[in-house]
Amino acid sequence: MNPTGDVALEWIDRELADLDRQGLRRRLQTREGPQAARVVLDGRELVNFGSNDYLGLAADPRLAAAAAEAAQRDGWGSGASPLVTGHAAAHQQLQQRLAEFEGTEAALLFTSGFAANAGTIAAVVGPGDVVYSDRKNHASLWDGCRLSRADVRVYPHGDWRQLETLLADSPKYRRRLIVTDSLFSMDGDLAPLVELADLAERYDAMLMVDEAHATGVFGQRGRGVAEQLGVEDRVSIRVGTLSKALGSVGGFVAGSRTLIEWLVNRARPYIFSTASPAAIAAAAVAALDIVRDEPQRRTALLARAQELRNTLRGAGWNVGASAGQIIPVIVGEPARAATFSHALRERGLFVPAIRPPTVPEGEACLRISLTAGHSEEMIAMLVAALGQRTLQPVILGRNSNSSCER
Ligand SMILES: Cc1ncc(COP(=O)(O)O)c(C=O)c1O
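A brief look at the structure comes next. Computed from a predicted model, the values in this text were never measured in an experiment. (Residues numbered from 1 in each chain as written. Predicted model: local features only at pLDDT ≥ 70, side-chain atom pairs only at ≥ 80, totals over all residues. Heavy atoms only, no water.)

## Looking at the nonpolar core
One recurring pattern in soluble globular proteins: nonpolar side chains tend to sit buried together.
Then comes step 1: If you look at the biggest cluster of nonpolar residues, it comprises 84 residues, and the most contacted ones within it are Leu94, Ile178, Leu312 and Ile368.
Then comes step 2: When residues in this core are grouped by element, the largest group, 12 residues, is from helix H12 (residues 278-293).
Then comes step 3: Setting aside residues up to four positions removed in sequence, Ile368 forms contacts with Phe49, Leu308, Leu312, Gln325, Ile326, Ile327, Val329, Val351, Leu382 and Leu386.
Then comes step 4: Ranked by size, the runner-up nonpolar core spans 26 residues in total, among them Val125, Cys145, Leu177 and Val253. (Core = buried A, V, L, I, M, F, W, Y, C linked by side-chain atoms within 4.5 Å. Buried < 20%, exposed > 50% of the residue type's maximum accessible area, 1.4 Å probe, protein only. Helix = DSSP H or I, 4+ residues; strand = E, 2+ residues; numbered from the N terminus. Contact = heavy atoms within 4.5 Å.)

The structure is reproduced here in structure tokens:
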């Protein structure tokens, strides 16, 4: 019997033991104090390469002040779903600011990026339709595909030529949707958005791009990879999050008024879930001001990421096709990634090991996530630790070991 005394759940103990054996068991650790480049995790201070706080805004006092002021004014809880009485003036203001920021007619706020992705896909396609999804798309996009009950066709990561082959029989469907991350969350590489936009036009498909990791970081105004590659107007459905570079929590869809109106009527996580507190929206507006007024945060971040990638490649590490602030060090087996992460932790550095099912089998990695808050010294510490001879027998397969190569 397991400790809860519930015989019906005993299978869970067996499954967890199995995860342990495979080196795949995940465990919560507790952070004390703010999310920042230096954090206290389970009581130990570490340099933090494991957040998505790319612009260093999560603990920015301007966001906290905006949230506190809104909470004093409007109270904390929103008390209802948006369509009932949960949609406050602060949410409305944020939606207007998001539309301005994205240069679209309208925007709609969800309680998370996960809800935005899953709810939007299920709202725009259904039985009789087809979705084409990159193999490495985020879990929320996958779940949206499943929820939609549309046919799902998976194309190999970034392989638009293969996608074109799959699109050949797309005319038989009522509606077609191509969906992709823009900056992939684990590999840190970019989707071929120009080619995807060409294919979407040629095959009369909607193109949906999830900019979760690129919002605030890529593009001249920080709108994302579609802005950077000049295809914004060719993307029918743009998704972003407030949860990463914008230092808050929540997700949004930006697009035409018609699209947003449809989502208000059909996106189930929007309709059937309580609105986030108005204070969260106020913090996000403050973050948008910073993204507009302090472009150097994103330009410096991307320049540093480029430097770090070059250094790691020069030292023989496999960083894949990373092109932004997310830099995977691909080591192959899950146990190896875990050992690696542990060894770095011993040296005061938190770099999470990313293992299946988050990444495919054989692609376990250390996911280095750079933020505007990292100092030169912190990055130098990481580079030095990765180069240390004492670590090499434990963690290095590097160029000499094919299991480290993808
Ligand atoms: C690519 C991608 N899309 C969406 C999400 C979900 O966003 P949120 O954390 O706001 O739910 C994530 C989160 O990790 C992500 O990596």
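Alright, that's what it looks like, and here's the rest.
## Considerations on a nonpolar patch on the surface
Then comes step 1: Taken together, the side chains of Leu9, Trp11 and Ile12 present a nonpolar region at the surface, about 260 Å² in accessible area.
Then comes step 2: For Trp11, the location among the structural elements is in helix H1 (residues 10-21).
Then comes step 3: The exposure class assigned to Trp11 is partly exposed, which follows from its relative accessible area of 44%. (Patch = residues over 30% accessible without salt bridge, like charges linked within 9 Å, V, L, I, M, F, W, Y side chains within 5 Å. Areas by Shrake-Rupley, 256 points an atom, 1.4 Å probe, with all protein chains shown as cover. Salt bridge = Lys/Arg side-chain N within 4 Å of Asp/Glu carboxyl O.)

## As for the sheet that holds strand S13 (residues 353-354)
Sheet strands pair by backbone hydrogen bonding; their relative direction is either parallel or antiparallel.
Then comes step 1: Overall, antiparallel pairing links the 3 strands, which are arranged S11-S14-S13 in an open sheet. Of all strands in the sheet, those with a lone pairing partner are strand S11 (326-332) and S13, marking the two edges.
Then comes step 2: By the bridge criterion, 6 bridges tie S11 to strand S14 (residues 364-369) in an arrangement that is antiparallel. Residue pairing for S14: Val329 is matched across the bridge by Leu366.
Then comes step 3: Across the sheet, helix H13 (residues 296-314) is in contact with S11 and S14; its angle to S11 comes to roughly 20 degrees.
Then comes step 4: Packing of helix H14 (residues 334-346) onto the sheet brings it into contact with S11, S13 and S14, and relative to S14 it is tilted by some 35 degrees. (Pairing = 2+ DSSP bridges. Axes fitted to C-alpha atoms, helices over the stretch in contact; angles between N-to-C directions.)

## Side note on the side chain of Thr104
Then comes step 1: Along the chain, Thr104 turns up in the loop between helix H4 (89-102) and strand S4 (106-110).
Then comes step 2: Since its relative accessible area comes to 18%, Thr104 is described here as buried.

## Thoughts on the site of the ligand
Then comes step 1: Neighbouring the ligand are 15 residues; Gly113, Asp210, His213, Ser243 and Lys244 lie closest to it.
Then comes step 2: Side-chain polar atom of Asp210 to a nitrogen atom of the ligand: 2.5 Å apart, as the coordinates give it.
Then comes step 3: For the ligand, an oxygen atom lies 2.5 Å from a polar atom in the side chain of Ser243.
Then comes step 4: When isolated, the ligand has an accessible area of 390 Å², and the protein chains bury 83% of it. (Near = heavy atom within 4 Å. Polar contact = N/O pair within 3.5 Å; in protein donor to acceptor, adjacent residues only side chain to side chain.)

## Side note on the pattern of salt bridges
Then comes step 1: In total, this model carries 28 salt bridges according to the counting rule given.
Then comes step 2: Between Glu227 and Arg221 there is a salt bridge, with the nearest N and O atoms lying 3.0 Å from each other.
Then comes step 3: Here Glu227 falls in the buried class, since its relative accessible area comes to 10%.
Then comes step 4: Between Glu376 and Arg304 there is a salt bridge; the shortest N-O distance is 3.5 Å. With a gap of 72 residues between them, Glu376 in helix H15 (residues 376-387) and Arg304 in helix H13 connect regions that are remote in the sequence.
Then comes step 5: Look at the salt bridges and you will find they share partners, linking Asp60, Arg62, Glu294 and Arg297 into a network.

## Looking at the sheet that holds strand S12 (residues 349-350)
Then comes step 1: What the 4 strands build is an open sheet, ordered S1-S2-S3-S12; its pairing is mixed. Two strands close off the open sheet at either side, each with one partner strand: strand S1 (31-32) and S12.
Then comes step 2: Pairing analysis gives 2 bridges linking strand S3 (residues 44-48) to S12, with the strands arranged parallel. By the bridge assignment, Val47 is partnered in S12 with Leu349.

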